[in-house]
2 protein chains.
Amino acid sequence: MKEEECGGGEIGSSPEAMNPVAAEEVEAAEEVAAPPNFAMVDNGVFRSGFPERTHFGFMETLGLRSVMVLVLVNVRRYLCPEPYPVENAKFLRMNGIRLFHFGIVGTKEPFVNIPEDVIREALEVVLDARNRPLLIHCKRGKHRTGCLVGCLRKLQTWCLSSIFNEYQSFAAAKARISDQMFMEKFDISSLKHLSTSLS
Amino acid sequence: MKEEECGGGEIGSSPEAMNPVAAEEVEAAEEVAAPPNFAMVDNGVFRSGFPERTHFGFMETLGLRSVMVLVLVNVRRYLCPEPYPVENAKFLRMNGIRLFHFGIVGTKEPFVNIPEDVIREALEVVLDARNRPLLIHCKRGKHRTGCLVGCLRKLQTWCLSSIFNEYQSFAAAKARISDQMFMEKFDISSLKHLSTSLS
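First, a word on what this report is: a plain description of the structure on this page. (Residues numbered from 1 in each chain as written. Chains lettered and ligands numbered in written order. Predicted model: local features only at pLDDT ≥ 70, side-chain atom pairs only at ≥ 80, totals over all residues. Heavy atoms only, no water.)

**Side note on the overall build of chain A**
- Scanning chain A for helices and strands turns up eight helices and five strands.
- The order of helices and strands in chain A, counted from the N terminus, is α-α-β-β-α-β-α-β-α-β-α-α-α.
- With an accessible surface of roughly 9900 Å², chain A has 53% of that area assigned to carbon and sulfur atoms. (Helix = DSSP H or I, 4+ residues; strand = E, 2+ residues; numbered from the N terminus. Areas by Shrake-Rupley, 256 points an atom, 1.4 Å probe, with all protein chains shown as cover.)

Right, dumping it as structure tokens:
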């Protein structure tokens, strides 16, 4: 995948490496593009917007064991969560990466009700060290991912101001007070025993 | 420090823990506030704006071995870099955290010329695993820190679009084209042999 996308290959692994111009081209082609809104959350926990084919090379550098997607399910339009794009699923399969697929049912976007039980279940996956390195993503890496990360920060005893600050730095102009209320109200007590795997 | 600032103490470590109201207060007091623009850059590498006394409790949770400050030195107004604030220096000393203090001389703010040799020297510190966990900070965690992290991303073979995207997510409305040009032009070739300690 990476080679297809980025024209990779080690420098020095081909005769072109002897030619300075060609070597430079190979070096430039080795660059990787991060998915939108990509960031490191904690040891072995990453977040981003939806990765596309151009980001697979970058994803390979993370040595991922799992990917978690938080899919929005609009019950007025779909009966079940949208399937994961075929080429993403293929990339994961080829790299032995497990997919955790969570559907978040929303009825009145943009005022989506984030379901607490889904976030709780997703957090259990994140907190299980056996699933990491893990990339959490949704569509834009702003709202659903932001809420999940915010709840993770609560477990790390971050104060709400710091949590909202981080949420807003990703959501920017699209920050939602409903998301912040969700994070504020989210009860972490049942998850505290799992949080020891975080830094 | 943490106890002074956050009224810390373990839950159950005092008689008040027997009283549900007091226990709740103790639990609330355990929350920590992250410095502005805080984020994880890589394993054991963090970035932020200038930490103040209220952030010391949070900093303790990072288990830092070093702090790196990138101080702006205006040669028209100062002859030497501003000293690190006394209470910050005291916090570092009490926690056995080493301070790396880099002065960046600027003559015509906001068009500060980031000196390549200082960034190179700072990168060598970041790339030395013995200095990590390490927090890199400047005043706002936007420009000087942003340039240093951008150069680190070049070493990680991130493409310029991804580097600028990350830089802009911290600098926001204060993003500077001069900083982006600095990152674009920065030559990483002399540092490549040190980058193996990064993920």
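**Quick notes on the interface of chain A and chain B**
- Contacts between chain A and chain B engage 20 residues on the former and 20 residues on the latter.
- In this assembly, chain A packs against chain B so that about 1700 Å² is buried in total across both faces, 52% of it on carbon and sulfur atoms.
- Ranking the residues of chain A by area buried against chain B places Met40, Thr157 and Trp158 of chain A at the top, with a combined share of 29%.
- Applying the counting rule to chain A against chain B returns six residue pairs in polar contact (both at pLDDT 80 or more).
- Counting residues per element, the ones that place at least two in the side of chain A that touches chain B are strand 1 (39-42) and helix 7 (160-171) of chain A.
- Split into classes, the residues belonging to the side of chain A that touches chain B amount to 10 nonpolar, five polar and five charged. (Contact = heavy atoms within 4.5 Å. Buried area = accessible area lost by both parts, 1.4 Å probe. Polar contact = N/O pair within 3.5 Å; in protein donor to acceptor, adjacent residues only side chain to side chain. Nonpolar A, V, L, I, M, F, W, Y, C, P; charged D, E, K, R; others polar.)

**Some details on the environment of leucine 148 of chain A**
Residues and elements named next belong to chain A.
- Residue position: leucine 148 is located in helix 6 (residues 144-155).
- The buried category is assigned to leucine 148, whose relative accessible area is 1%.
- Measuring from C-alpha to C-alpha, the distance between leucine 148 and tyrosine 167 comes to 9.9 Å, with 19 residues separating the pair along the chain. (Buried < 20%, exposed > 50% of the residue type's maximum accessible area, 1.4 Å probe, protein only.)

**What to know about the pairing of strand 1 (residues 39-42) of chain B**
Residues and elements named next belong to chain B.
- For strand 1 and strand 2 (residues 45-48), the ladder comprises three bridges, and the chain directions are antiparallel. Bridge pairing links methionine 40 to phenylalanine 46 in strand 2.
- Where strand 1 folds back on strand 2, the antiparallel hairpin that results is connected by two residues, among which glycine 44 adopts a positive phi of roughly 70°. (Pairing = 2+ DSSP bridges.)

**Looking at the packing of aromatic side chains**
- One pass over the structure, following the stated rule, counts 14 aromatic pairs over all chains.
- Ring plane angle 70° and centroid distance 5.8 Å describe the contact between phenylalanine 38 of chain A and tryptophan 158 of chain B, whose orientation is recorded as edge-to-face. Residue phenylalanine 38 of chain A is located in the loop between helix 2 (20-29) and strand 1, and its partner tryptophan 158 of chain B is located in the loop between helix 6 (144-155) and helix 7 (160-171); the two belong to separate chains.
- Assessed through its relative accessible area of 11%, phenylalanine 38 of chain A is described here as buried.
- For tryptophan 158 of chain B, a relative accessible area of 6% puts it in the buried group.
- On the basis of an interplanar angle of 35° and a centroid distance of 5.6 Å, the ring pair of phenylalanine 50 of chain B and tyrosine 84 of chain B is categorised as tilted. Taken together, the positions of phenylalanine 50 of chain B in the loop between strand 2 and helix 3 (56-61) and tyrosine 84 of chain B in the loop between strand 3 (66-74) and helix 4 (86-94) put the pair 34 residues apart, joining distant regions of the chain.
- Pairwise contacts between aromatic rings join Phe38, Phe46 and Phe58 of chain A together with Trp158 of chain B into one cluster.
- In this structure, lysine 139 of chain A packs its charged tip against the face of phenylalanine 50 of chain A, placed 6.0 Å from the ring centre. (Phe/Tyr/Trp six-rings, centres within 6.5 Å; stacked < 30°, edge-to-face > 60°. Lys NZ or Arg CZ within 6 Å of the ring centre and 35° of its normal.)

**A closer look at the relation of the copies chain A and chain B**
- Mapping chain A onto chain B leaves a residual RMSD of 0.0 Å; the transformation is a rotation of 180° accompanied by 0.0 Å of translation along its axis. Between the two chains, the operation in question is that of a two-fold axis.
- A share of 100% of interface residues in chain A that are also interface residues in chain B marks the association as one of identical surfaces. (Least-squares fit on C-alpha atoms with pLDDT ≥ 70 in both.)

**With respect to the pattern of salt bridges**
Residue and element names in this part refer to chain A.
- What the rule picks out here adds up to eight salt bridges over all chains.
- Here aspartate 128 ties to arginine 130 by a salt bridge, and the two come within 2.7 Å at their closest N and O atoms.
- Arginine 130 gets classed as exposed once you look at its relative accessible area, which sits at 63%. (Salt bridge = Lys/Arg side-chain N within 4 Å of Asp/Glu carboxyl O.)

**Things to note about the side chain of arginine 120 of chain B**
Residue and element names in this part refer to chain B.
- Here arginine 120 shows up in helix 5 (residues 116-127).
- A polar contact is formed between the side chain of arginine 120 and the side chain of glutamate 116, at a distance of 2.7 Å.
- Not counting residues up to four positions away in its chain, the partners in contact with arginine 120 are Phe186, Asp187, Ser190 and Leu191.

**Comments concerning the state of the cysteines**
- For the structure shown, the criterion picks out zero disulfides over all chains.
- Cysteine 147 of chain A provides the cysteine sulfur closest to cysteine 151 of chain A, a residue in no disulfide bond, and the two sulfurs are 6.6 Å apart. (Disulfide = S-S within 2.5 Å.)

**Observations concerning the environment of methionine 59 of chain B**
Residue and element names in this part refer to chain B.
- Inspection of the secondary structure puts methionine 59 in helix 3.
- Separated by 76 residues in sequence, methionine 59 and leucine 135 place their C-alpha atoms 8.8 Å apart.
- With residues up to four places along the chain from it excluded, the contact list for methionine 59 reads Pro51, Leu64, Val67, Phe91 and Leu135.

**Points about the packing of helix 5 of chain B against helix 6 of chain B**
All names here are of chain B.
- Where helix 5 meets helix 6, the closest approach of the two axes is 10 Å, and the angle between their N-to-C directions is 65°. When the axes of helix 5 and helix 6 are compared, the crossing they make is right-handed. Contacts between helix 5 and helix 6 involve Ile119, Ala122, Leu123, Val126 and Leu127 from the first element and Leu148, Cys151, Leu152 and Leu155 from the second. (Axes fitted to C-alpha atoms, helices over the stretch in contact; angles between N-to-C directions. Left-handed = near helix turned anticlockwise from the far one by under 90°.)

**Considering helix 8 (residues 177-185) of chain B**
Residues and elements named next belong to chain B.
- Among all positions of helix 8, only Asp179, Gln180, Phe182 and Met183 are buried. Down the axis of helix 8, the buried side of the element spans an arc of 155°, and every buried residue falls inside it. Residues of helix 8 that are exposed and point over 90 degrees away from its buried face: Ile177 and Lys185.
- Looking at the buried side of helix 8, the elements it contacts are helix 5, helix 6 and helix 7. (Arc of directions from axis to C-beta.)

**Focus on helix 7 of chain A**
Residues and elements named next belong to chain A.
- A rise of 1.5 Å per residue sets the reference length of helix 7, with its 12 residues, at 16 Å; its end C-alpha atoms lie 16 Å apart and thus fit the reference within 8%.
- Along helix 7, the positions that sit buried rather than exposed are Ser162, Ile163, Phe164, Glu166, Tyr167, Phe170 and Ala171.
- Contacts from the buried residues of helix 7 go to strand 1, strand 2 (45-48), helix 6 and helix 8 (177-185).
- One or two positions beyond helix 7, positive phi appears at alanine 172, with a value near 45°. (Expected span 1.5 Å × (residues − 1).)

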